[in-house]
Amino acid sequence: AFSSDHWRRCLYVGGWSELFCPYCKISPQQGDAFFPLLNVFLFSRTHLQASARCALTTKTSKPLINAFNQIPGNETEKKSTLDQALRGVLGDQIIEQKASCDDYLSLIYLSISSVTEGICSATTPFLLLGDVLDCLPLDQCDKIFSFVEENVSTWKSNSFYTAGKNYLLRMCNDLLRRLSKSQNTVFCGRIQLFLARLFPLSEKSGLNLQSQFNLDNITVFNKNEQESTLGQKHTEEKEDGMEVEEGEMGEDDAPAPCSIPIDYNLYRKFWTLQDYFRNPVQCYDKFSWMTFLKFSDETLAVFKSYKLDDMQASKRKLEELRASGGEHVYFAKFLTSEKLMDLQLSDSNFRRHILLQYLILFQYLKGQVKFKSSSCVLNDDQTTWIEETTKLVYQLLREIPPDGDKFATMVEHILNTEENWNSWKNEGCPSFVKERTVDDKPKRPTRKRQAPEDFLGKGPDRKIFMGNDELTRLWNLNQDNMEACKSDSREFMPSLDEFFAEAIEQADPANMVEEEYKVVRNPNYGWRALRLLSRRSPHFFQPTNQKFKSLADYLDSMVSKLAKELPVRIFYFFNSSLLKTHNDKDIPSEEIKTGEEDDDDNGDNLLKDTKLGAQWKMLASHLEMKAAELREIETDSEDVDMQAKLLLVAWQDREGTQATVENLVTALNAAGFSQIADNLSEA
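Anyway, here's the lowdown on the structure attached to this text. (Residues numbered from 1 in each chain as written. Predicted model: local features only at pLDDT ≥ 70, side-chain atom pairs only at ≥ 80, totals over all residues. Heavy atoms only, no water.)

Looking only at helices and strands, the protein chain features 30 helices and zero strands. The proportion of buried residues among the 683 residues of the protein chain is 35%. In the protein chain, once contacts between residues fewer than 6 apart in sequence are set aside, the share between residues at least 24 apart is 65%. (Helix = DSSP H or I, 4+ residues; strand = E, 2+ residues; numbered from the N terminus. Buried < 20%, exposed > 50% of the residue type's maximum accessible area, 1.4 Å probe, protein only. Contact = heavy atoms within 4.5 Å.)

Okay, here's the thing in structure tokens:
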């Protein structure tokens, strides 16, 4: 940046006859090109400063707007010039030291109006505020900051928030560094509340994300017992003529003798607890916990033994507290003088402070904090002691006048709410605002033609017209068409047993049905059979290596499988195919034959009379049946007689032509069923 003084110095010392300026090393050609621009800037700034002073006098921004429109340059250059002009006016006011806080605020109001009019940068009001607060004493900063607090809605608007939030944060931090936490407690609290109102809850700069403690808050007290004055009798009387300063107690206001026995040990243990409240992590150490446990028990025992009542908290003080509307006095730091110990223990506010510190400490020790170390875990004894002590602390809070029950209930509610904040921080402080998903393409509004009420079924008879008498009759047979479709009467699919009954019967060789007359040769039957198998039978989806030349061959295979599974047909298949005697001359004598005339005598009666069903597994081992086949038989039927029949069917399928009566008789004799074997041989 080139100031006018710098250019005057360059022209006076070097002149334009030299090749370079001795100060800035700018050539005469560059200087000739820049000097007119500098003159324009200086003229424009002077003109805007005069307009700003006129605007402050008339309390309107019109002179400044007119001057802004008159000066040359583009919008960016003109805004920068006005920013410099306003800061120049403020600098003149501060140097003259004749302006009051109202004059400074009027200039800041003017800058805000300029930003609203679009002739000034959005950062200018914050720069002016920072300059004012840096140059004024603390008592005047208090008045300026009141203006900042009142206009928090302005700072949060879209025009100012993004541009000025960092300036405001830096300004507040600079003020906090200048203020004393013990002497300017209220001012510090106002700044913290302003920042809480300005920034959203999810603002990371205002959160203690890692749960760090203020370890610098050290409570200083007398740790040398030799220098202690506790236990000594104060017999010295006040000197004659000593004036009682403001804040001291006269003879009439002197407190009554305290009934709490206070010695140095109680004093030291009581104030040592503040170190644990300052840094709760110490409680996870074994030896530190034992010290904390011992000191806490003694302190709470004193609170429990010597309770406050209307005699200790005098009626006059209670009336003053009620008359003040609950505006109690709180201090940022504890006073640790030994002479004040008895008064502090008799003060209800002081006791509440200490007990509330216990509750906050216990909440941290028990809570789930994201940044806690893995070693920070309480054992069962510590957890039990904390729970018992928490109940004791709440009991003591309820016993402290005035309004002990109300205060304890309020504290419990606040600590419960704090658990929600702790959980929110553990989750990474997600935003509380859920943004709506906006579609990229806006939907075009479509106009729908309104249908007549009778067409929609909203008329008196609620009849829906379909444009055809027959369709209208069918559609209005039932009010709910979906429920009508789900009715049991609409179930037209037959069962496997019913549909394949004729095919299974025709597959039996005893019935001597020729191939061309079987139902499986009918294409219509075959198409319906495939649809039914796909819905009702798992065999339809099982892979097989067997190749079929036609649909009829495939259905023959499926019919034979279904005949073994379906309970109604297994009985017929077993009786007619397996245990047939070899009296039929058309079939070889060594094979097991079947005949309808022997159904009742040979098959089922044979197994019923000899009681084979309950012991069929003994026969299965001699028929060399595998364990997987036995499990399949048990799955297919729970009846032991049916399981015995399924065993013989499976054995016949596996052996094929080798499934002869002689082999079955041999297996029965080996399994110990000689009577069944003899009956089978005689048959």
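On we go.
Turning next to unusual backbone geometry. Of the consecutive residues Pro 401 and Pro 402, the connecting peptide bond is found in the cis state with omega at -5 degrees. Looking at where Pro 402 falls in the secondary structure, it is placed in the loop between helix 16 (380-399) and helix 17 (404-426). Unusually for a residue other than glycine, Gln 97 sits at a positive phi of about 60 degrees. Topologically, Gln 97 is positioned in the loop between helix 4 (75-96) and helix 5 (101-117). Phi angles above zero are rare outside glycine, and Glu 624 is one such case at about 60 degrees.

Another point: the packing of helix 5 against helix 7 (residues 138-150). A pair of packed helices is characterised by two quantities: the angle between their axes and the separation of those axes. Running from N to C, helix 5 and helix 7 point in directions that differ by 30 degrees, and their axes come no closer than 10 Å. When the interaxial angle is binned, helix 5 and helix 7 end up roughly parallel. For the pair helix 5 and helix 7, the sense of crossing is right-handed. Residue-level contacts link Cys 101, Leu 105, Ile 108, Tyr 109 and Ile 112 of helix 5 to Gln 140, Lys 143, Ile 144 and Phe 147 of helix 7. Classifying every residue of the contact of helix 5 with helix 7 by side-chain character gives seven nonpolar, one polar and one charged. (Axes fitted to C-alpha atoms, helices over the stretch in contact; angles between N-to-C directions. Parallel < 35°, antiparallel > 145°, perpendicular 65-115°, else oblique. Left-handed = near helix turned anticlockwise from the far one by under 90°. Nonpolar A, V, L, I, M, F, W, Y, C, P; charged D, E, K, R; others polar.)

Here we come to the environment of Phe 126. Turning to its location among the elements, Phe 126 is positioned in helix 6 (residues 124-135). Here Phe 126 falls in the buried class, since its relative accessible area comes to 4%. Separated by 29 residues in the primary sequence, Phe 126 and Trp 155 have C-alpha atoms spaced 9.5 Å apart. Filtering out sequence-adjacent residues up to four positions away, Phe 126 remains in contact with Trp 155, Phe 160, Gly 164, Tyr 167 and Leu 168.

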